[in-house]
Structure formats: C-alpha cells, structure tokens
Amino acid sequence: MRYGTIVNDVSTDHNTSDSARRLSHRRRSSVVPTEKLMAMRPYNGDHEALIDSDDDDASVASAQAGVKRLEVIASTWSKSSLYVAYFGICMLAYATSLEGQTTVNLTIYATSAFSAHSNVATVMVVQGVVLSVVKPPMSKLADVFGRFEAFTLSVFIFSIGYIQQAASHNVETYAAAQIFYAAGSTGLQILIQIFIADTSDLVNRALCSTLPAMPFLINVWIGAPLAETLLRRASWRWGYGIWAVILPIAYLPLALALFINQRKAAAKGILPPSPLQGRGYWQAIKHLWLELDVFGLVLICAGFSLLLIPLSLISDGDWNNHGLLAMLVIGALCLAVFPFWERSKTFAPRAFFPGSLFKKRTVLAGFAISFFYFMTYYLSVYPYFQSYLLVVQSQSIASAGQIVQMWTFAATITSFLVSLAIKYTKHYKYFITTGACINLLGLILMHTFRVEGASVAVLAGTTALVGVGGGMLNVPAQLGVQASASHQEVAAATAIFLTFLEVGGATGSAISGAIWSANVPHKLALYLPVETQDQATAIYKNITLASSEWQMGDPTRVAINRAYQETMSKTLWVAVCVAVPVILLSFLMENYKLDEIEQHVTGVVIGVDTDTAPRSRSAGHGASLPRRVSTDSALGESEPMLSPGRSAQVRRGSKDS
C-alpha cells in the first residue's frame, strides 16, 4: 500500500510514465508526498492554496468549513494514524452490527411488555422516518463542522437512545426513543462511509466500503442467541442498556485518531476556523438555517411522519377518524410543497435535493428501484415475519431470529461478490435486472411455501433467495445513480438514493402494519372458539400470550395460527406486486462503464492508482476526465490494500477498475 496526498495538477510532467505523458495536455490528478505538498503549498487561510483545479474552482470556493477542515487534517495523516482510524471503524462496525442483530429480537418483547405488540410497525415507521430524514442534516453537519465533531455527536445521540429505550415505561416513551436511536444509528452509518471515501482512492474504495458489513456474517448467528440469553438471565431492558457503555468504548480508537490529527493540523496553523467564528448570534442562526436547509428538512420530516405513522395506525373502523385523515392530508401537502421549496434559489440556496438530478432518467429509475426494493423487504421480512415464526411455526426465539437474518446473511455475501464482479466487468445494469428477477422469484416462492408446517430449510431458503436478489440489485442501482451525476452531484445523489431507500422501507412497514391491524383482530374474533373469544384483544396485543399460552393443536392455537397465516399471505401478495416494477425500472437505467466515474480525494489515502490511465469521462456529461496517475516515481507499485468490507445499511456504490 502507498500513501500520498492527492492534488490536481494542470502542468505537464515529462518524467512520468508513458501513459501519463499521453495525458500531458489534459487535466489530471497527481499523487505527491504529503510533506512535499506542505512545503510547496503552505496554508495561508485560503483553501484554494491546497487544491488548484480549473474544473473544480466553483466547488472549492463553495466548500463548507467542515470539508476544508477535513482536507487539511488529511494532510497530517501517517500510515499508523490511518491504521488506528480504520481499526476504530472496524470496532464501531462490529459493535453496531452486534447491537442491531441483538436488539431487533427485543422489539416485540418491549412492545408486548406495554401490551402494544400491534404497534411494532409504528415503532418501525418512526425508525424509518428518522433514518430517512437524518441523513441529509448529519452529512451537512459533517461538512459544516467537521468529521470528528459529527462522529462524536452521533455516538452521543445513539447512547441517549439506548438509555431512553432501556428506561421506557410505556410504548410512547419507547417510540420516542427511536428518534434518538435512529438518528445516532444513521449518523454513524453515513459518517463511516464518508470517512472511507475521504481516505481511499477509487480503485480501493469499493472494497474498503464493504468493511462495515463484514461483521454481519458472524453476528447474524450470534445476535438471536445473545438476545435469548439476555431475556432469560436479565431482561429486555438490559438488552438495550449495555450498548450505552459498549458503543462509546468502541468509538475511542477512531475518536483519538481524529482528535490527535486535528490537533496536529491546528499546531501547524493550517486548520480552518469554526464556521461560526466571527458571526453574531443572528448571523450564526441564519448561516446554519441556509447551510442545513432547515425548513426543507422540516417539510420532508413532517410530510413522511404525518403520512406514514397514521397509515400504520389505521384499521378497518378507523378510516372515519378525522384526526388521522387530517394528518394524512397535511403530510401529503408537506411533501407536495417540498419540491417547490428546494427549487427556490432564494429560500434554499443550499438545497439538499439538486433539481438537475431529477431530470435524468437513470437517476429517477435508480431512486424508484431503491424505494420499491426496500418496500418489499419490509413487507416480506420485517416487522412481522418473526412474530409469524414464533406463533405459526412455533420456533424458538433463537431459531426465529436466525431464519429472519438469513436475508442479511445472503444479501451481504451477494453484495460483496457482485462488487468484485463489477470491479472487473465494469458494468452494472445486468446485475440489477438479474437481481430484480431473483427477488421477485423469491417472493413468489415465499408466498407459496411460507405455510404452517413448512420446514426450517424451506423458510430459511426462500428468505435467503430474496436476500440474494436484494444484494445483487441494490449496489449496482446506486452505482448507476452515481454514474449519472456530475462530480458536484455525486454526494447528493448518493444521499438521495439512501433516503429513498429508507422511505421505501418506512412505507413498506406502514403498509404491513395497516394490513396486520386490519386483519388479525378481525380474524381472531372470527376464528377463536367461544371459550377464548373474550381474549381476542389480549392475544392480538401480546406475542408471548399468542405463542406460548396454548399448545399446538389446541382449538385456540389453531385459530390464532390461521389468523396469522392468512394475514401473512396477504402481506406477501402485496410484496410480490411491489417487486414487479423493479424489473421494469431496471431497463430504464443506462449501462455505463463504471471505470469512467471520477472522484477526487485529498491527503494521505489508502491505495494509489499506478495503472495505465485510459481516456475517461464523467458518465452522462461527456467531459474528458482522465484517471488519477502517479507523478512521483518514488512511490513505485501499489501494495495490497486494507481488508475489504461493505455496509449492508448504508451502501455506497463508487467502483473503479
């Protein structure tokens, strides 16, 4: 592995390789040692002193303070610092992965403790909405204030969420805790991927970005048994509370690496000042209002919250509830106003959703694919599949959790293999179409074979097949979106893609909740024998009562299983219908050569591209953009990169050959 500071060079270097000389009259990226950069380009308060590019002048001039701070901090990295930082990334990834695989099995017991098992979908919608709307402000905070500050804030918020969940005494408090929990969780996911993008070149970034997902391959088998142990020996509250201690400890190596190198930059006098320095109180508020696009975020947050949460609460008799209907109407109006606000240069000069992206076919198709694909996941796997396994299939907590997590296991492996295939084939569209077809096939098989008495192999196999389809189409779809974006739009395109992904999940969770609440109580009242009909409401609200009070074969248990089975079949039919558009949308994506994507990094990074530099262009724009080449012959050949990994929840799609 080689480390160097990457800057843009517009001059001709006649001492470079033959392939580089062929680019002598074209702008190219160069790699020079950090110390040489600092010697020849001392920082004098002007960010352009560090980067000189005719193509990027506008973006540099408008770069936010956090970005400028990162670029000068990156110039202080050493090999050891980078290793420590990536060790911290691995610890954070493992801790959050194990937490996710454990606490997902506790949700139904926490809500059942409050006699509110039917509100599982509402809790999931709250999480989905926050996961959707926190990505833009968290990435903005990292750009405005800095990576270290944003990481620390996310860990703090995450820990508050754990504590609040552990201490909650009613379902309202538990649901409110999801705001902090989801905000901290999605903040860490986004920031880990931003950090990887900051510290790796394009050739190695695809594999480096797989780091956060690798723990899933181990934890998918550990999480459910750990949850069962916690429930048996302690309580579901301890299952949340312990992570308020574990996560900050896991963050320490990364925090120290970021903090120490930030201090190094400050000691050298190259650290840009705080974005709020020199501004009065009202000036600071106005600055943050515009930089964070606060009102735009309020619109989208209120819109999706008012639309999705009531949808999960509505049952057969609730469509006449004027309060819920009013929330739906107001939510729809907020979403309708949002695009107009974002297009206003006066009110939203730093709009998170660039209007130009919505004029590109591949971008729109990619957004729609992410929306529908993740909607099918929440209709077929979460949030009620585990309840179905516990009741209808009479599985243990550990077994049910492991069957559910087969989706994650299969999707993670498939995503990694597809990333390798794309790296060498440099095409992505074929994987989207194939993955969409496999996803649809898996859902059809789920509907056919997910019946009472099905074997564990059948239940796990159909779940894994859907996971293979999802893992195959998601990463390529994101790559297609990024390939259609200009250099200035890549970050926004990725964040918007992930936002649509989470919104699709929240929509699927809301629909499954509406189906569940509209069908299970009605069917229980219809099928339960006379002696237990008065317990229909209690059975509906408490998963423990439904799964363990009556033995298999008892008339009451038969009635409960029938109600669950018929409701699950309806939900799966909806999932099948939603999966069909994904195949059609895949045909609308342009089949770009992905090695033509260019993305700049600054400072000491993982990997140096010393390959022959072919002609390159920015996909969808036609501009000639050659790949990065080394102009320092002392750098020599590239050495092996750090261990690969991929995030299953926050999926970046930048690939290079």
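Residues numbered from 1 in each chain as written. Predicted model: local features only at pLDDT ≥ 70, side-chain atom pairs only at ≥ 80, totals over all residues. Heavy atoms only, no water.

*Asks:* Looking at this structure, I do not really get the packing of helix 11 (residues 216-233) against helix 19 (residues 397-404). What am I missing?
*Replies:* When two helices pack together, you describe them by how their axes are tilted relative to each other and by the distance separating the axes. Where helix 11 contacts helix 19, the axes come no closer than 8 Å and their chain directions differ by 150°. One finds that helix 11 runs roughly antiparallel with respect to helix 19. Relative to helix 19, the crossing made by helix 11 is right-handed. In this structure, helix 11 uses Val220, Trp221, Ala224, Pro225, Glu228 and Leu231 to contact helix 19, whose residues at the interface are Ile397, Ala398, Gly401 and Gln402. Tallied by class, residues from the contact of helix 11 with helix 19 come to 7 nonpolar, 2 polar and 1 charged. (Axes fitted to C-alpha atoms, helices over the stretch in contact; angles between N-to-C directions. Helix = DSSP H or I, 4+ residues; strand = E, 2+ residues; numbered from the N terminus. Parallel < 35°, antiparallel > 145°, perpendicular 65-115°, else oblique. Left-handed = near helix turned anticlockwise from the far one by under 90°. Contact = heavy atoms within 4.5 Å. Nonpolar A, V, L, I, M, F, W, Y, C, P; charged D, E, K, R; others polar.)

*Asks:* Hey, could you run me through the side chain of Thr433 in this one?
*Replies:* Mapped onto the fold, Thr433 is located in helix 21 (residues 429-449). According to the relative accessible area criterion, Thr433 is buried, its value standing at 16%. Residues within four places of Thr433 in sequence aside, it is in contact with Ser586 and Phe587. (Buried < 20%, exposed > 50% of the residue type's maximum accessible area, 1.4 Å probe, protein only.)

*Asks:* Sorry if this is basic, but what is going on with the pattern of salt bridges here?
*Replies:* Between side chains of opposite charge, a pair can form as their charged atoms come close. Inspection of the entire model under this criterion finds 3 salt bridges. Residue Arg361 pairs with Glu590 through a salt bridge whose shortest N-O separation is 2.5 Å. Of this pair, Arg361 sits in helix 17 (residues 361-380) while Glu590 sits in the segment after helix 26 (555-586); the two residues are 229 residues apart in sequence, bridging distant segments of the chain. You can call Glu590 partly exposed: its relative accessible area is 34%. In this structure, Glu566 engages Arg562 in a salt bridge whose closest nitrogen and oxygen atoms are separated by 3.0 Å. Within this pair, Glu566 and its partner Arg562 are both found in helix 26, separated by 4 residues, close to a single helical turn. The class for Glu566 is partly exposed, based on a relative accessible area of 24%. Among the charged side chains, a network of salt bridges with common partners joins Lys523, Arg562 and Glu566. (Salt bridge = Lys/Arg side-chain N within 4 Å of Asp/Glu carboxyl O.)

*Asks:* Would you mind going over the packing of helix 21 against helix 26 with me for this structure?
*Replies:* For the pair helix 21 and helix 26, interaxial distance at closest approach is 9 Å and the crossing angle is 165°. When the interaxial angle is binned, helix 21 and helix 26 end up roughly antiparallel. Of the two elements, helix 21 crosses helix 26, and the hand of that crossing is left-handed. On helix 26, the residues that touch Lys429, Ile432, Thr433, Ala436, Cys437, Asn439, Leu440, Leu443, Ile444, Met446 and His447 of helix 21 are Ser569, Leu572, Trp573, Ala575, Val576, Ala579, Val580, Val582, Ile583 and Ser586.

*Asks:* Sorry if this is basic, but what is going on with a nonpolar patch on the surface here?
*Replies:* A cluster of nonpolar side chains, Tyr94, Ile218, Trp221 and Ile222, forms an exposed patch at the surface whose accessible area comes to about 350 Å². The greatest single-element share of the nonpolar patch, amounting to 3 residues, is contributed by helix 11. Structurally, the position occupied by Ile218 is in helix 11. On the accessibility criterion, Ile218 (47% relative accessible area) is partly exposed. (Patch = residues over 30% accessible without salt bridge, like charges linked within 9 Å, V, L, I, M, F, W, Y side chains within 5 Å. Areas by Shrake-Rupley, 256 points an atom, 1.4 Å probe, with all protein chains shown as cover.)

*Asks:* Mind showing me how you'd approach helix 26 here?
*Replies:* The terminal C-alpha atoms of helix 26, which comprises 32 residues, lie 48 Å apart, in line with the 46 Å expected from a rise of 1.5 Å per residue. Put simply, Asp554 is the residue that caps the front of helix 26, since its side-chain oxygen is 2.9 Å from the backbone nitrogen of Thr556. (Expected span 1.5 Å × (residues − 1). Polar contact = N/O pair within 3.5 Å; in protein donor to acceptor, adjacent residues only side chain to side chain.)

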